[in-house]
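Summary of the model geometry
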Amino acid sequence: MDKLYIGIRAEDKSYWERRTPIPPHDCKYIMEKHPQIQIIVQPSTKRVFTDEQYLEVGCLVQEDLSQCKAIVCIKEIPLDKYIEGMTYLHWSHTIKAQPHNMPALDMMLKKNIRHLDYERIYDEKGVNTTAFPYAGIAGVITFMNEYGKYLLKRDIATPFLQIGPTYQYFNKKDAYQALNVAGQAIKDRGLPKEAGLPIIIGVLGSSGLCGKGSMEALQNLHITLVKPSELKELVNTPNDPKHRRTVYVCPFKTTDLVRHQEDYDKEFTSQDYYNHPNQYTPVFHTKYLPYLTIIINDIYWDHKFPRYITNSQMKDLVQSGKSRLQAVCDVTCDMEGSIQFLKKYTTPDNPVYFYEPISESIHDEFDAKSPKDIMYMSIDFLPSQLPYDASIDFGIALRDIVPHLAYSDSNKPLEEQGLPVFLQNAMITLHGQLTHKFQYITHLRNINDQLKEAESFQPKKALKKVPSYLAIKLTGHLFDTGAINKILSVVQSGCKFNIVDIQAGQSDNQQTSCLLQLYSKNKGQLMDEVDKVIQLCETLDIQVDME
């Protein structure tokens, strides 16, 4: 019986990327359970598992993967490395029509690639089985190393210096041992008052996947957990001797960050906030930010949500003398997002920059003459810093998935290839086309192109006061049903429009939302178009909210 070959690419996006999607022991598991499958591994001298380890379990090690039925990797692939007609399983970062990755999508279509994306592999409970907490874990470890060095540059020595950067450790167990040693030293020897006691770390998004990772890592520092309601009292008792012997950690949920604009007593639900973020106003910067020493930002955010800390809010707090904030560890890394003064991404080589809140400027080096600076860490590929643990979990997730790729027939229509439904749902390209579930990407790209061409019309918030401008939020299955095309056909003949803030649903049961901006010189004509949109949306089962 002919062998079915599966390939594992050598990662080449960054020299920091040392992960592998399938470790040697999982390769052995696959080949023993499926004798017809042979795994070929591209050689790599930086991968966390050596070529010899793969050879020992029966893998072939060679550069050429062209004979494989499928190739598995982790990060994006250089455009010239795609093999015609190949099946690839990896993160492509294309499902939101990200402009910088559209050339890769075009190449996959051109070369007839069958592409499946980790971002869309869900189990029966709707959980992404290839998502792990390592960004939060790695973020905390490297950040505490940098925070120790930051304090030392202020002539303050602390046990945080006993913690190294994440990549220094073989696995998280070794890293946690260093955190434990530092935590025990804090209990035994204490922290100097010059560090600005009490040291209080606020974890935003503590209940999410990244947040759980950060909390797991922090527990090894022998922390004291506190509630948001307890922060004021802690800060108001700076001479409490307990402050020298511990680091306080305060987990924050979304309900702590915002409140309803009109109904202050309304019970907060995440679903209502996600569906109607424009009805909420941020309160974190006034209620809790003044008490925090450090922020670890793990919260999911996109542009439909309010910012939780703006440049002006931070500036006002510093100028009023009420800020205690020394540093930020931004795990989610949304550029100028939930925390507006995320101004640049950093790397493990240069993990931090410094933000001066009065001038709103940044610089790369610590400046003792700028005492109001906030240290900011924003490494946007943190999981690669724990390549061993991340690879182990990847292998567990993939070892019963990959054989499906070997046995399936990529030449047949999607439903006839022999893939389970959850993998059919993760397939973005097939036979030179986007699969049905991802055809919305074409619509998103067209909209992006239209917006580029229409840059001359970009209404500001102030235009909402002008009678001939209206913004309508549309929510529903806009792209997979073709509803957005029907809506735009109605408005194109009567007024100018923009579509902004597109939030594409990531699975069949998730809806897409966007903001439709309408502009006309004639108020009456504008209202006629709005009425047409509302009536059409009623027939299409699309929710309409006037912004």
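Shown above is the structure to which this text applies.
As a starting point, this report considers the structure included with it. (Residues numbered from 1 in each chain as written. Predicted model: local features only at pLDDT ≥ 70, side-chain atom pairs only at ≥ 80, totals over all residues. Heavy atoms only, no water.)

**A look at the nonpolar core**
The nonpolar side chains of a soluble globular protein tend to be buried with one another. Rule in force here: The set of buried Ala, Val, Leu, Ile, Met, Phe, Trp, Tyr and Cys residues whose side-chain atoms join them within 4.5 Å is what this entry labels a nonpolar core. For every residue, the accessible area (1.4 Å probe, protein chains only) is compared with the maximum for its type, and the residue is labelled buried under 20%, exposed over 50%, or partly exposed between those bounds. Going along the chain from the N terminus, every DSSP run of H or I of four or more residues is numbered as a helix, and every run of E of two or more is numbered as a strand. It only takes one pair of heavy atoms within 4.5 Å for two residues to be counted as in contact.
Counting 84 residues, the largest nonpolar core has Ile 39, Tyr 147 and Phe 160 as its most contacted members. Here this core gets 11 residues from one element, more than from any other, and that element is helix H4 (residues 134-153). For Ile 39, the contacting residues outside a window of four places in its chain are Ile 6, Ile 8, Cys 27, Ile 30, Met 31, Cys 59 and Leu 60. Met 86, Ile 441, Leu 478 and Leu 488 belong to the second largest nonpolar core, which has 45 residues in total.

**Topic: H4**
The line we're drawing: A helix is expected to span 1.5 Å for every residue after the first.
Here H4 contains 20 residues, and its C-alpha end-to-end distance of 29 Å stays within 8% of the 28 Å for a straight helix at 1.5 Å per residue. Taken across its 20 residues, H4 has 17 buried, putting it largely inside the fold.

**Here we look at the pattern of salt bridges**
Our working definition: Throughout this description, the term salt bridge denotes a Lys or Arg side-chain nitrogen within 4 Å of a carboxyl oxygen of Asp or Glu.
Considering all chains together, one arrives at 14 salt bridges under this definition. One salt bridge connects Glu 76 with Lys 13, and the closest N-O pair in it is separated by 3.0 Å. Linking Glu 76 in the loop between strand E4 (70-72) and strand E5 (87-90) with Lys 13 in the loop between strand E1 (4-8) and helix H1 (24-33), this pair joins segments that are 63 residues apart in sequence. In this structure, the salt-bridge partner of Glu 336 is Lys 343, at a minimum N-O distance of 3.3 Å. For Glu 336, a relative accessible area of 34% translates into the label partly exposed. On the accessibility criterion, Lys 343 (25% relative accessible area) is partly exposed.

**Some remarks on unusual backbone geometry**
Most peptide bonds are trans, and most residues other than glycine sit at a negative phi. Cis geometry marks the peptide bond from Leu 197 to Pro 198; its omega dihedral reads -5°. If you trace the backbone, Pro 198 turns up in the loop between helix H5 (172-189) and strand E7 (200-204). The phi dihedral of Asn 112 is positive, around 60°, even though this residue is not glycine. Tracing the sequence through the fold places Asn 112 in the loop between helix H3 (102-110) and strand E6 (114-117). Look at Asn 112 and you get partly exposed, because its relative accessible area is 33%. Residue His 222 is not a glycine yet carries a positive backbone phi of 60°. Turning to its location among the elements, His 222 is positioned in the loop between helix H6 (209-219) and strand E8 (224-225).

**Focus on the side chain of Glu 356**
What counts is decided by this rule: Asp and Glu count as negative and Lys and Arg as positive, but His and the ends of the chain are not part of the count. Any pair of nitrogen or oxygen atoms within 3.5 Å is treated as a polar contact; in protein, a donor-acceptor pairing is required on top of that, and neighbouring residues in sequence qualify only through side-chain atoms on both sides.
Relative to the elements of secondary structure, Glu 356 occurs in strand E14 (residues 352-356). It is Lys 372 that comes nearest to the buried, bridge-free Glu 356 among opposite-charge side chains, at 6.3 Å. There is a polar contact of 2.6 Å between the side chain of Glu 356 and the backbone nitrogen of Ser 359. Filtering out sequence-adjacent residues up to four positions away, Glu 356 remains in contact with Ser 361, Ser 370, Lys 372 and Asp 373.

**Looking at the packing of H4 against H6**
Operational definition: The convention used is that axes are lines fitted to C-alpha atoms, helices contributing only their stretch in contact, and that angles between N-to-C directions extend from 0 to 180 degrees. Any angle from 65 to 115 degrees is called roughly perpendicular, while one under 35 is roughly parallel, one over 145 is roughly antiparallel, and all others are oblique. Crossing handedness is defined as follows: a turn of the near helix away from the far one that is anticlockwise and smaller than a right angle gives a left-handed crossing, while the clockwise case is right-handed. Under the scheme applied here, ten amino acids are nonpolar (Ala, Val, Leu, Ile, Met, Phe, Trp, Tyr, Cys and Pro), four are charged (Asp, Glu, Lys and Arg), and all others, including Gly, are polar.
Axis separation between H4 and H6 bottoms out at 6 Å; the angle between their running directions is 40°. Between H4 and H6, the interaxial angle falls into the category oblique. Read as a crossing pair, H4 and H6 show a hand that is right-handed. On H6, the residues touching Ala 135, Gly 136, Ile 137 and Val 140 of H4 are Cys 210, Gly 213, Ser 214, Glu 216, Ala 217 and Leu 218. Broken down by class, the residue content of the contact of H4 with H6 amounts to six nonpolar, three polar and one charged.

**Considering the pairing of E7**
Rules: Paired strands are those between which DSSP finds at least two bridges.
Along E7, five of the five residues are buried, which leaves the element largely enclosed by surrounding structure. Residues Ile 200, Gly 202 and Leu 204 of E7 are buried on one face, and the alternating residues Ile 201 and Val 203, pointing to the opposite face, are buried as well. Pairing geometry for E7 and strand E9 (residues 248-252), over five bridges, is parallel. Opposite Ile 201, over in E9, you have Val 249 as the bridge partner. Relative to strand E12 (residues 294-297), E7 runs parallel, the two sharing four bridges.

**Describing the sheet that holds strand E3 (residues 60-61)**
Strands sit in the order E3-E2-E1-E4-E5-E6-E17-E18 across an open sheet of eight strands; the sheet is mixed. Both edges of this open sheet fall to E3 and strand E18 (433-434), since each of them pairs with a single strand only. Inspection of the sheet shows E6 paired to strand E17 (residues 427-430) by two bridges, in the antiparallel sense. When the sheet's bridge partners are listed, Leu 116 is paired in E17 with Met 427. Contacting E5, E6, E17 and E18, H3 runs over the sheet at an angle of about 50° to E17.

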